[in-house]
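For reference, the chains in residue letters:
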Amino acid sequence: MFNTKKLPGFILAFGATALWASFYIVSRFVFGENAEDIDPIFFSFLRFLMAAIFAIALTIHQKKTYQLFHAVKNDFRMFLFLGLIGIVGEGILVFWSLKYTTATRSSLFANTSPIFTVIIALFALKEKLNLRKLTGMLLGFGGVLIAISSKSKGDLFLSSTSVIGDLLALGSGICWAGYTVWGIRVSKKYGSILSTTVVILSGTIMLFFIVILAKCPVRWDLSLNLWLATIYMGVFVNGLAYICWYAALKYLNAGEVGAFGYISLILTVIMSSILLHEKFSFLFFIAIFGVLAGVYLMMEKRSINSAKCE
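Residue numbers restart at each chain and count upward from 1, following the sequence in its written direction. A pLDDT threshold of at least 70 governs which residues receive local features in this predicted model, and a stricter bar of 80 or more applies before side-chain atom pairs are shown or counted, although totals over entire chains, interfaces and linings include all residues. Remark: hydrogens and water are excluded; side-chain values derive from all non-hydrogen atoms of the structure.

## Comments concerning the overall build of the chain
Just so we agree on the cut-off: Helix and strand labels come from DSSP, where a helix needs a run of H or I of at least four residues and a strand needs a run of E of at least two; each type is numbered from the N terminus. A radius of gyration in this sense is built from C-alpha atoms; the matching globule rule multiplies 2.2 Å by the number of residues raised to 0.38. Each residue is assigned to one of three classes by its accessible area relative to the maximum for its type, calculated with a 1.4 Å probe on protein chains only: buried under 20%, partly exposed between the two thresholds, exposed over 50%. Contact criterion: two residues are considered in contact whenever any of their non-hydrogen atoms come within 4.5 Å of each other. For every accessible area listed, the method is Shrake-Rupley and the probe measures 1.4 Å; residues are considered covered only by the protein chains on display. Neither His nor the chain ends contribute to the count of charged residues, in which Lys and Arg are positive and Asp and Glu negative. One atom stands in for each charge, and that atom is NZ of Lys, CZ of Arg, CG of Asp or CD of Glu.
A count of helical and extended segments in the chain gives 14 helices and zero strands. Sequence-ordered secondary structure for the chain, helices as α and strands as β, is α-α-α-α-α-α-α-α-α-α-α-α-α-α. Against the compact-globule benchmark of 19 Å for 310 residues, the chain has a radius of gyration of 19 Å, which places it among compact chains. The dimensions of the chain, computed from C-alpha atoms along their principal axes, are 55 × 50 × 40 Å. Here the chain holds 310 residues, and the buried ones make up 52% of them. Taking all contacts inside the chain whose residues are at least 6 apart in sequence as the whole, residues at least 24 apart take part in 89%. Summed over its atoms, the accessible surface of the chain is roughly 14,500 Å², and 71% of this surface lies on carbon and sulfur atoms. Averaging the positions of the 26 positive and the 14 negative side-chain charges in the chain gives two centres separated by 11 Å.

## Considering a nonpolar patch on the surface
The following threshold applies: Residues with no salt bridge and a relative accessible area higher than 30% make up the patches, which join like charges within 9 Å and nonpolar side chains (Val, Leu, Ile, Met, Phe, Trp, Tyr) within 5 Å. Between Lys or Arg on one side and Asp or Glu on the other, a salt bridge is scored when a side-chain nitrogen of the former is within 4 Å of a carboxyl oxygen of the latter.
The grouping of I205, F208, F209, I212 and L213 at the surface amounts to a nonpolar patch, some 540 Å² of accessible area in total. Among the structural elements, F208 can be located in helix α10 (residues 192-213).

## Describing helix α5 (residues 103-110)
In terms of burial, α5 is a largely internal element, eight of the eight residues being buried. For α5, the complete set of buried residues consists of A103, T104, R105, S106, S107, L108, F109 and A110.

## Here we look at helix α14 (residues 282-298)
Defined as follows: Multiplying one less than the number of residues by 1.5 Å gives the expected span of a helix.
In this model, α14 (17 residues) spans 25 Å end to end at C-alpha, consistent with the 24 Å of a helix rising 1.5 Å per residue. Buried residues of α14: F284, A287, I288, G290, V291, A293, G294, V295 and M298, and no others.

## Side note on the packing of aromatic side chains
The description of an aromatic ring pair uses the distance of the two centres, along with the angle that the planes make with each other. Condition: Between rings of Phe, Tyr and Trp, where Trp is taken as its six-membered ring, a pair exists when centres lie within 6.5 Å; planes separated by under 30 degrees are stacked, by over 60 edge-to-face, and by other angles tilted.
Under the defined criterion, the tally for this structure stands at 17 aromatic pairs. With centroids separated by 5.4 Å and ring planes inclined at 85°, the aromatic side chains of F42 and W220 adopt a geometry described as edge-to-face. Of the two residues, F42 sits in helix α2 (residues 40-61) while W220 sits in the loop between α10 and α11 (224-248), which places them 178 residues apart along the sequence. By the ring-pair criterion, three or more aromatic residues cluster together here, those being F42, F45, F208, F209 and W220.

## Structural notes on the packing of helix α1 (residues 7-33) against α5
Operational definition: What counts as an axis is a line fitted to C-alpha atoms, over the stretch in contact for a helix, and the angles between N-to-C directions run from 0 to 180 degrees. Roughly parallel here means an angle under 35 degrees, roughly antiparallel means over 145, roughly perpendicular means 65 to 115, and every remaining angle is called oblique. Definitions for this section: a left-handed crossing has its near helix turned counterclockwise from the far helix by less than a right angle. A right-handed crossing has that turn clockwise.
Relative orientation of the contacting elements α1 and α5 amounts to 135°, with a least axis distance of 9 Å. With respect to α5, the element α1 is oriented oblique. Where α1 crosses over α5, the two elements pack in a sense that is right-handed. Here α1 contributes Y24, I25 and R28 to the contact with α5, which in turn contributes A103, S106, S107 and A110.

## Considerations on the nonpolar core
Basically, it comes down to this: Residues belong to a common nonpolar core when they are buried Ala, Val, Leu, Ile, Met, Phe, Trp, Tyr or Cys residues joined through side-chain atoms within 4.5 Å.
Counting 57 residues, the largest nonpolar core has F23 and V30 as the members making the most contacts within it. One finds V118, I120, V269 and A287 within the second-largest nonpolar core, a separate group that totals 23 residues.

## Re unusual backbone geometry
Of note, K215 is a non-glycine position whose phi angle comes to about 55°, a positive value. In this structure, H277 is a non-glycine residue whose phi angle is positive, near 55°. In this structure, H277 sits in the loop between α13 (261-275) and α14.

## Brief notes about the pattern of salt bridges
Taken as a whole and judged by the stated rule, the model has five salt bridges. As a salt-bridge pair, D75 and R185 come within 2.6 Å of each other at their nearest N and O atoms. Residue D75 is located in the loop between α3 (65-74) and α4 (76-97), and its partner R185 is located in helix α9 (residues 184-190); the two are separated by 110 residues in the primary sequence. On the basis of relative accessibility, which here comes to 43%, the residue R185 falls in the partly exposed class. D166 is the partner of R105 in a salt bridge, and the nearest nitrogen-oxygen pair spans 2.8 Å. Taken together, the residues span a long stretch of sequence, with R105 in helix α5 and D166 in helix α8 (residues 163-182) at a distance of 61 residues. Residue class for R105 comes out buried when judged on its relative accessible area of 1%.

## Re the layout of surface pockets
Here is the rule: Points on a 1 Å grid, built from protein atoms alone, make a cavity when a 1.4 Å probe fits but cannot get out and make a pocket when they are open with protein on both sides within 12 Å along at least 5 of 7 lines; residues with an atom within 4 Å of a point are the lining residues. Grid points are joined across faces, edges and corners, and a volume is the space filled by probe spheres set on the points. Lys, Arg, Asp and Glu make up the charged group, whereas Ala, Val, Leu, Ile, Met, Phe, Trp, Tyr, Cys and Pro make up the nonpolar group; the residues left over, Gly among them, are polar.
Of the pockets and cavities examined, the second largest pocket occupies roughly 190 Å³. Taken together, the elements giving at least two residues each to the lining of the second largest pocket come down to α3, α4 and α10. Counting residues per element, the lining of the second largest pocket draws most heavily on α10, which supplies six residues. Partitioning the lining of the second largest pocket into residue classes produces ten nonpolar, one polar and no charged.

## Some thoughts on the confidence of the model for the chain
Defined as follows: For every residue, the predictor assigns a confidence score, pLDDT, that lies between 0 and 100.
Chain-level pLDDT for the chain is 86 on average; 92% of the residues reach the 70-or-more range. The least confident element of the chain is helix α12 (residues 254-258), whose mean pLDDT is 64; the most confident is α4, at 95. Predicted confidence is poor over residues 302-307, with pLDDT under 50, and the contacts of this stretch with residues over four places away or in other chains come to 19 contacts.

What follows is the structure, encoded as structure tokens:
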């Protein structure tokens, strides 16, 4: 019988997942309607700037300013590294991928992160690779290869997809896997929300300097739609979604919350089909099954799912 006490947890977890899935749809509209006007690096800086402002406001509201400075002082190098791979690397690559590939394909490759999480943990944390994980790894990689080889008919803005976009999204999944593995210690030490706040701040600062040093096209005269998209992705996708995700853990166990990570790709498929008129081949659906089955096998039932929070 359904436990009504868990209902708030399910609503919160689903809300976070829906927000992360919407990131791919909104980004496709951004690139589809303004393909030549938007620099991926500068736009990534803008959306994380919005997220940083939201995170700072939350920290002040929770009266955790001292804890924030304490975390930065004690683990400055680690937070800098996590910001580099979790914000700069993952943030730019996944957003940039949506310039060349569809929302669903980007979401699929980005959500292979649990596969690479196990591989990185194997070397970095000396975790054992059992038969279940090995089978999942092979199944997941098989799905990735099928997805790359399968031809997509594109969507409302793309006549066909590019392997470059697929590989960029895959790269973002690898970055998130590294962020998951190396972020375990600081997350346990300072708490998930505070750690995420510091990582967002460090990543945003690095993005600012990258924009300056790389001489990226800086545009502040964005249209209203682009500013709304920036605020939405920064405040809701990179801010509110994280709060909902961790708040859900008050009502559900880690395994139950983690299971919602699989829903993100399914929601992206549905929204992309309806809003972006994306077309799918039968072979691509086989690839989706392979990746999801592989991820399921590689995840320990007692652990938190490390699927990309985007």
